[in-house]
Amino acid sequence: MPSIGILRSIATTRARALLLALSCLAVPRHPAAAQPAVPSRDAEPVTAAMARATFDSAWRRIGATYYDTTMRGVDWDAVRAELLPRAEAARTLGALRATLRELATRLGDSHFGLLAVEDTAPAVPADEAPAAPGAGAPGDVGAVLRVLDGALVVVRTEPGAPAERAGLVPGWRVEAVGGVDVAGELRDAAALDGEARRRAELGALMHAEHLLTGDSGRAARVRARDRDGRVLSLAIPRRRAPGLAVTFGNLGTVMARLAAERVRLPDGGCAGIIGFDLWMLPLRPQIDSAIDALRDCRGLVLDLRGNRGGVAGMSMAVASWLVHERTELGVLRARGIAQRFVAEPRRVTDAGAPTAPYDGPVALLVDEHSASTTEFFAAALQESGRVRVFGARTAGQALPAAALRLPTGDVLVHAVGDFTTPRGARVEGRGVTPDVPVPLRLADVLAGRDAAREAALAWIAGAPTPR
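Not measured: the values here are computed from a predicted model. (Residues numbered from 1 in each chain as written. Predicted model: local features only at pLDDT ≥ 70, side-chain atom pairs only at ≥ 80, totals over all residues. Heavy atoms only, no water.)

> What am I meant to see in the pairing of strand β9 (residues 231–237) here?
Regular strands show a simple pattern: their side chains alternate between the two faces of the sheet. Of the strand pairs in this sheet, strand β8 (residues 219–225) and β9 are connected by seven bridges, and their pairing is antiparallel. Across the sheet, Arg225 pairs through a bridge with Val231, a residue of β9. Between the end of β8 and the start of β9, which pair antiparallel, lie five residues, with Gly229 showing a positive phi angle near 90 degrees. (Pairing = 2+ DSSP bridges. Helix = DSSP H or I, 4+ residues; strand = E, 2+ residues; numbered from the N terminus.)

> Teacher, can you tell me more about the state of the cysteines here?
As enumerated under the stated definition, the model contains one disulfide in all. Here Cys270 connects covalently by a disulfide to Cys297, the sulfurs 2.1 Å from one another. Residues Cys270 and Cys297 share a disulfide whose torsion about the S-S bond is about -110 degrees; that sign makes it left-handed. Taken together, the positions of Cys270 in strand β14 (residues 270–276) and Cys297 in the loop between α8 (284–293) and β15 (299–303) put the pair 27 residues apart, joining distant regions of the chain. (Disulfide = S-S within 2.5 Å.)

> How should I be thinking about the sheet that holds strand β24 (residues 436–437) in this particular structure?
Hydrogen bonds between backbone groups are what pair the strands of a sheet, and the pairing can be parallel or antiparallel. Taken in spatial order, the six strands make up an open sheet running β13-β14-β15-β19-β20-β24, and their pairing is mixed. The strands lining the two open edges of the sheet, one partner per strand, are β13 (258–264) and β24. In the sheet, β15 pairs with strand β19 (residues 362–366) via four bridges, with the strands oriented parallel. Bridge pairing in β19 places Asp303 opposite Leu365. Contacts from helix α10 (residues 373–384) reach β15, β19 and β20 (387–391) within the one sheet, and its direction differs from that of β20 by about 130 degrees. (Contact = heavy atoms within 4.5 Å. Axes fitted to C-alpha atoms, helices over the stretch in contact; angles between N-to-C directions.)

> Sorry, what's going on with the packing of aromatic side chains here?
The relative placement of two aromatic rings is captured by the distance of their centres and the angle of their planes. Here the structure, examined in full by the defined rule, presents seven aromatic pairs. Here the aromatic cluster, defined as three or more aromatic residues joined through ring pairs, consists of Tyr66, Tyr67 and Phe112. Here the basic side chain of Arg80 rests over the ring of Trp59, its NZ or CZ set 5.5 Å away from the ring centre. (Phe/Tyr/Trp six-rings, centres within 6.5 Å; stacked < 30°, edge-to-face > 60°. Lys NZ or Arg CZ within 6 Å of the ring centre and 35° of its normal.)

> It is not clear to me how unusual backbone geometry should be interpreted in this structure. Could you clarify?
Most of the time, phi is negative for any residue but glycine, and the peptide bond is trans. A positive phi angle is found at Arg72, which is not glycine, with a value near 55 degrees. Take Arg72: it is sitting in the loop between α2 (48–65) and α3 (76–89). The phi dihedral of Ser372 is positive, around 55 degrees, even though this residue is not glycine.

> How do you make sense of α8 when you look at a structure like this?
Helical geometry note: an α-helix holds 3.6 residues per turn, so side chains three or four residues apart project in the same direction. Listing the buried residues of α8 in full gives Ile287, Asp288, Ala290 and Ile291. In an axial view of α8, the angular spread of the buried residues amounts to 165 degrees, which keeps them on one side of the axis. Lining the buried residues of α8 we find β13, β14, β15 and α9 (314–319). (Buried < 20%, exposed > 50% of the residue type's maximum accessible area, 1.4 Å probe, protein only. Arc of directions from axis to C-beta.)

> Please explain the pairing of β13 as it appears in this structure.
Pairing between β13 and β14: seven bridges, direction antiparallel. What sits directly across from Leu258, in β14, is Phe276.

> Is there a simple way to think about the environment of His111 in this case?
The residue His111 is located in the loop between α4 (93–105) and β2 (113–115) in this model. Looking at His111, the relative accessible area reads 0%, which means it is buried. Between the alpha carbons of His111 and Leu399 there is a distance of 6.5 Å; along the sequence they are 288 residues apart. A distance of 2.9 Å separates polar atoms of two side chains, one belonging to His111 and the other to Ser110. (Polar contact = N/O pair within 3.5 Å; in protein donor to acceptor, adjacent residues only side chain to side chain.)

> Just checking my understanding: could you explain the packing of α2 against α4 for this structure?
Packed helix pairs are specified by the crossing angle of their axes together with the interaxial distance, meaning the distance between the axes. Across the interface, α2 lies against α4 with an axial gap of 11 Å and an inter-helix angle of 15 degrees. Put simply, α2 runs roughly parallel to α4. α4 is crossed by α2, and the crossing has right-handed handedness. Residues Ala51, Thr54, Phe55, Ala58, Trp59 and Ile62 of α2 form the contact with α4, whose participating residues are Leu96, Thr99, Leu100 and Leu103. Residue composition of the contact of α2 with α4, by class: eight nonpolar, two polar and no charged. (Parallel < 35°, antiparallel > 145°, perpendicular 65-115°, else oblique. Left-handed = near helix turned anticlockwise from the far one by under 90°. Nonpolar A, V, L, I, M, F, W, Y, C, P; charged D, E, K, R; others polar.)

What follows is the structure, given as structure tokens:
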């Protein structure tokens, strides 16, 4: 029989492995709370017994796994005494959900939220156009949205994608998708201050993006305001979403996507640009191949704008391509566990062939919607001096989280760890401040200009040639 010491060692090893694989994926505090993407179950009746079991499941899980054993000074028993009667008095699922969402705010951290079971399914609002024959695969419309000046603005449409073909133009403001008033969510966010406003804006953006996804072949109905202020209604058929479908535990299936290109510099040299939208393990071979294919370029640009995180441990694998000596990336702390993230220089490929880290300068592009794993990757490499960061301050939502399926079928997302850089700086609530601030401006969107990318390429063009 294994000794107690061996059993403890196995348990600790498993816990550390779990911490590495945890979701560091930003979720809004109240994801899609106001209006669900598919027909709502809010009106369904719930019994007092179901309400109590669901509330206590969430309350116990948070209390047992939150990284700070003092619960940040919050009396967790008093929280239960206050909110449990409200949960038991709920007669509908919607009322119970409201209480659970209140519970999720009490510790003040990001990475707490309640995902209604209908919000983890593809969006099919009731007034959408019917699906075309053969529909069913995950789909999107090929448009990139951002929050600018309190509005949800189209900043880019992919060439040939449904959004472009339907006439959606960069600079237009999206006001509703599938009958859901996303502009109203941003008006609500504008009434908040500081980090609360930033989180609410990110939540509204994520809700709109969710509404735009759904079954390929089924049209999303979008109400938008053009550059002259006219309101237009568009039916945009979804295409089959590009990328790799990745099932991410109780958070459901997401599409992970990478794009790489070689850009010519004014002196005839080149810069490589690699962008990916999630830190998901199936993308790792593509990232490896992209870096290897672009290693002859003078510099690399990693475009992590809008990348809201993913698998925490993947940050070490990517950093290993960029560092030339053992480099501390920071510490993830969970209850009873401190996991150091370290990047070792890449010397061999997964197939065992000799290789070497990339030698040239590296620029990182980030924005207000870069979060979680993206943030501590950027913070660590910025602190080490290996990269130069361009763009806007990141989301400040950098906590490992887990997801619990509740008795009602909804999913509780809850923070279980905290991250600090090698020098002890905390990223949660602060974000990463760029070395070169280049905020996204509406004037640049209207002009079709990517100012942050241009600034990064200019820096690489003037940077010393690799050794």
